[in-house]
Amino acid sequence: MPLDDIQIRPYDDADMQAVIALWNAVLPDSAPHNDPSTSIRQKIAVERDLFLVADLAGSVVGTVMGGYDGHRGWIYSVAVDAGHRRCGIGAALLRRLEADLKSRGCLKVNLQVRATNTQVIGFYERLGFMVEPIVSMGKRLYSQS
């Protein structure tokens, strides 16, 4: 499949079910803060234009969400349909998001990967990302019952 057939475009509300299905297949996680419909709803309320999809003939085959706080950019929810991997879709999504962040004045972008996900770490390293000697910390602001 030629990459020319892929359109990288902003998320549209009509994409919701396709994005949820893709994330459930590619990014399975039971944590409440990773619920696809919640993540989508919250993202489209803030910097909606940093939520991109890869569209192949009207079908969503990839996604990336980004954020920028005026200091640093972040990359979230990179997902490519298993049947369309290794075609350059993930790289194209990231290049577009990086360009959008750079146009806002962003000088550095971060992302997080589970340490056990070595294939994805290699993907990001091939795109110029590097493991940094820092500790990533988090705090959940919801009840974990």
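Residues numbered from 1 in each chain as written. Predicted model: local features only at pLDDT ≥ 70, side-chain atom pairs only at ≥ 80, totals over all residues. Heavy atoms only, no water.

Enquirer: Describe the overall build of the protein, naming the residues involved and giving the relevant values.
Expert: Within the protein one finds four helices and five strands. Reading the helices (α) and strands (β) of the protein from amino to carboxyl end gives β-α-α-β-β-β-α-β-α. Relative to the compact-globule value of 15 Å for 145 residues, the protein shows a C-alpha radius of gyration of 15 Å, a close match. Each principal axis of the C-alpha distribution contributes one length, and for the protein these read about 40 × 35 × 30 Å. Scored against the burial criterion, the 145 residues of the protein give a buried share of 35%. (Helix = DSSP H or I, 4+ residues; strand = E, 2+ residues; numbered from the N terminus. Rg over C-alpha atoms; globule rule 2.2 N^0.38 Å. Buried < 20%, exposed > 50% of the residue type's maximum accessible area, 1.4 Å probe, protein only.)

Enquirer: So what's going on with the pairing of strand 3 (residues 59-68)? Which residues, and what values?
Expert: Of all ten residues making up strand 3, nine are buried, and the element is well covered by its neighbours. Taking the residues that link successive antiparallel strands as the turn, the strand 2 (residues 51-56)-strand 3 hairpin has two residues, and the phi of alanine 57 there is positive, at about 55°. Pairing analysis gives six bridges linking strand 3 to strand 4 (residues 73-80), with the strands arranged antiparallel. Looking at strand 4, one finds that glycine 67 is bridged to tryptophan 74. (Pairing = 2+ DSSP bridges.)

Enquirer: Before we move on, could you go through the pattern of salt bridges and cite the residues and values that matter?
Expert: Note that side chains of opposite charge can pair when their charged atoms are close. Using the criterion set out here, one finds eight salt bridges in the structure. Between glutamate 47 and lysine 43 there is a salt bridge, with its nearest N and O atoms 4.0 Å apart. Assessed through its relative accessible area of 23%, glutamate 47 is described here as partly exposed. On the accessibility criterion, lysine 43 (11% relative accessible area) is buried. Of the charged contacts, one joins arginine 104 and glutamate 47 as a salt bridge, the two residues approaching to 3.3 Å between their closest N and O atoms. Of this pair, arginine 104 sits in the loop between helix 3 (89-103) and strand 5 (109-111) while glutamate 47 sits in the loop between helix 2 (36-44) and strand 2, placing them 57 residues apart in sequence. The class for arginine 104 is partly exposed, based on a relative accessible area of 31%. (Salt bridge = Lys/Arg side-chain N within 4 Å of Asp/Glu carboxyl O.)

Enquirer: Tell me about the sheet that holds strand 3, and please be specific about residues and values.
Expert: Strand order in the open sheet formed by five strands is 1-2-3-4-5, with mixed pairing between adjacent strands. Taken across any chain shown, the strands that pair with only one partner, and hence form the sheet edges, are strand 1 (6-10) and strand 5. For this sheet the average axis-to-axis angle between neighbouring strands, irrespective of direction, equals 25°. With three bridges connecting them, strand 4 and strand 5 associate as parallel partners. Residue pairing across strands places isoleucine 75 opposite leucine 111, the latter belonging to strand 5. Helix 3 contacts strand 1, strand 2, strand 3, strand 4 and strand 5 of the sheet and is inclined by roughly 30° relative to strand 3. (Axes fitted to C-alpha atoms, helices over the stretch in contact; angles between N-to-C directions. Contact = heavy atoms within 4.5 Å.)

Enquirer: Account for the pairing of strand 2, naming residues and giving values.
Expert: Within strand 2, six of the six residues are buried, which leaves it mostly tucked inside the rest of the structure. Along strand 2, one buried face is formed by Phe51, Val53 and Asp55 and the opposite face, lined by Leu52, Ala54 and Leu56, is buried too. When strand 1 meets strand 2, the two strands line up antiparallel, connected through five bridges. Opposite arginine 9, over in strand 2, you have valine 53 as the bridge partner.

So far we have only geometry, and geometry alone does not tell us how the molecule works.
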